[in-house]
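These are the residues of each chain, in order.
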Amino acid sequence: MARIAVENNMSDLQQALAQAGHDVIQLEGEQVPDCDCCCVSGQDNNMMGMSDKATNAPVINCNGMSTDEVVEAVNSKVH
């Protein structure tokens, strides 16, 4: 079972990943560095162009993807 960090506003994806057998956590806080993959909505725009990397795990930009496509992408990254 992989630990997947998902943005708070993506509850459908959180449920789908949990049903696929993954441990789903919120994409915030102290658990993020321990995750195996991160899923982001792509909706937040970084106006300053700054980034602080909290994890070395792969990040999937889910913008424009269906829930099934994201689950498939996560499975390909963690298996």
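Anyway, here's the lowdown on the structure attached to this text. Sequence positions are assigned chain by chain, starting from 1 and proceeding in written order. Selection of residues for local features in this predicted model requires a pLDDT of at least 70, selection of side-chain atom pairs for listing and counting requires 80 or more, and totals for whole chains, interfaces and linings are taken over all residues. Working from all heavy atoms in the structure, the side-chain values ignore hydrogens and water.

**A short note on the overall build of the chain**
Next up, step 1: In DSSP terms, a helix is any run of H or I states spanning at least four residues, a strand is any run of E spanning at least two, and both are numbered starting from the N terminus. Counting its regular elements, the chain contains two helices and four strands.
Next up, step 2: Beginning at the N terminus, the succession of helices and strands in the chain can be written as β-α-β-β-β-α.
Next up, step 3: Every residue pair with non-hydrogen atoms within 4.5 Å of one another is taken to be in contact. Sequence separation of 24 or more characterises 39% of the internal contacts of the chain that already satisfy a separation of 6 or more.
Next up, step 4: In the form shown here, the chain has an accessible surface area of approximately 5,300 Å², with 42% of it arising from carbon and sulfur atoms. Shrake-Rupley sampling with a 1.4 Å probe provides the accessible areas, and residues are treated as covered by the protein chains on show and by no other component.

**Here's the deal with helix H1 (residues 11-19)**
Next up, step 1: Along H1, the residues that are buried comprise Leu13, Gln14, Ala16 and Leu17. Burial along H1 is one-sided: seen end-on, the buried residues are contained in an arc of 165°. Facing away from the buried surface of H1 by more than 90 degrees, the exposed residues are Asp12, Gln15 and Gln19.
Next up, step 2: On the buried face of H1, the contacting elements are strand S1 (3-6), strand S2 (23-26), strand S3 (37-40) and helix H2 (67-78).
Next up, step 3: Following H1 by one or two positions, Gly21 has its phi on the positive side, about 95°. Residue exposure (1.4 Å probe, protein chains only): buried if accessible area is under 20% of the type maximum, exposed if over 50%, otherwise partly exposed. What the arc covers is the set of directions going from the helix axis to the C-beta atoms.

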